[in-house]
Amino acid sequence: MDKEIIIDSIHNQSITNATEDQQLFWDLGTNLDTIIKENTSLAQRIDLQQLFPLIYGIQEAKTIFVAASGRSGFAMRSAAMRLMHLGLNVYFVGETITPAITAGDLLIVSSGSGTTSSIIKAAEKSLSVGAKVVALTTNTDSILAKLASHVVLVPAAEKQDHSNRISAQYAGSLFEQFLLLLLDAVFQSLWKLSAKPAEELWKKHTNLE
Ligand SMILES: O=C([C@H](O)CO)[C@H](O)[C@H](O)COP(=O)(O)O
């Protein structure tokens, strides 16, 4: 190939890439800004008093069970880990070592849609044995919300709401992100109430990772 053509094509390539990179840079910044703003707005729309029964329920329960699917499940696993750090007896539903739920226990479920069948089944079983069920969901008319002993409404977009009205993010992303923030806020309150020093909690942190 002619030397000038090669130089020309390299030059054009770098101009094209620079433009694409600039666009990507701008998009990423805008995306982060959108995500943070949507979470901030959601935090302002949460009725914090709806969290009181969750907090008291966690303090009173013999054993706490946590259940959620997919990305909601990832957020709830993080919350379950922190409850364990507080010294509470906590299991994630579906793990091999999770025992039977019984009366006096608490099941915390989260489902943006409130229609995920495994989560509804877990709630039904828990109620049938006399355990309490606290549900976090975007939909107070859902089967899960109607079953639950107590509902925390998280007014994020439901995963099949493609209207962009509540969130510009894909599917249930806002709900799933916010679960992590909300349950970290719950943990901070529980930690303060426990009056335990961080060093005591840290002893519970896995030393096998
Ligand atoms: O992983 C999920 C999906 O990607 C939606 O954003 C959900 O967490 C999963 O499908 C469970 O759904 P919900 O029970 O409605 O939270």
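Chains are numbered independently. Their residues run from 1 in the order of the written sequence. Per-residue local features of the predicted model are confined to residues with pLDDT of at least 70, and side-chain atom pairs are confined, for both listing and counting, to 80 or more; whole-chain, interface and lining totals are unaffected and use all residues. Derived side-chain values reflect all non-hydrogen atoms in the structure, with water molecules and hydrogen atoms excluded from consideration.

Asks: Help me understand helix 6 (residues 173-194) in this model?
Replies: Spacing of three or four residues puts side chains on the same side of an α-helix, whose turn is 3.6 residues. The end-to-end C-alpha distance of helix 6, which contains 22 residues, comes to 32 Å, matching closely the 32 Å that a straight helix rising 1.5 Å per residue would cover. Here the term buried applies to any residue with accessible area under 20% of the maximum for its type, exposed to any over 50%, and partly exposed to those in between, with areas from a 1.4 Å probe on protein chains only. The helix count covers DSSP runs of H or I at least four residues long, the strand count covers runs of E at least two residues long, and both are numbered beginning at the N terminus. Taken as a whole, helix 6 has its buried residues at Ser173, Leu174, Phe175, Glu176, Phe178, Leu179, Leu182, Leu183, Val186, Phe187 and Leu190. Of the residues flanking the end of helix 6, it is Ala195, one or two places downstream, whose phi is positive at about 55 degrees. Residue count minus one, scaled by 1.5 Å, sets the expected span of a helix.

Asks: Quick question: what am I supposed to make of the UniProt feature "domain: SIS" (unreviewed entry) in the protein chain here?
Replies: UniProt positions are given in the numbering used here, feature names are shortened, and annotations may be inferred rather than shown by experiment. In this structure's numbering, the residues bearing the UniProt feature "domain: SIS" (unreviewed entry) are residues 54-196. Span residues 54-196 is 43% helix and 15% strand, its end C-alpha atoms 20 Å apart.

Asks: I keep staring at the pattern of salt bridges and nothing clicks. Help me out?
Replies: Pairing between side chains of opposite charge can happen when the charged atoms of each approach one another. Take a side-chain nitrogen of Lys or Arg and a carboxyl oxygen of Asp or Glu: if they are within 4 Å of each other, that pair is a salt bridge. Under the definition given, this model contains 4 salt bridges. Across the pair Asp33 and Lys37 runs a salt bridge, and its minimum N-O distance is 2.8 Å. Linking Asp33 with Lys37, this pair stays in helix 1 (residues 3-45), spanning 4 residues, or about one helical turn. On the basis of relative accessible area, Asp33 is assigned to the partly exposed category, the value being 37%. Where Arg77 meets Glu95, a salt bridge forms, and the shortest distance between an N and an O atom there is 2.4 Å. One end of the pair, Arg77, is in helix 3 (residues 70-85); the other, Glu95, is in the loop between strand 2 (90-92) and strand 3 (106-110), and 18 residues separate them in sequence. Judged by relative accessible area, Glu95 falls into the partly exposed class, the value being 36%.

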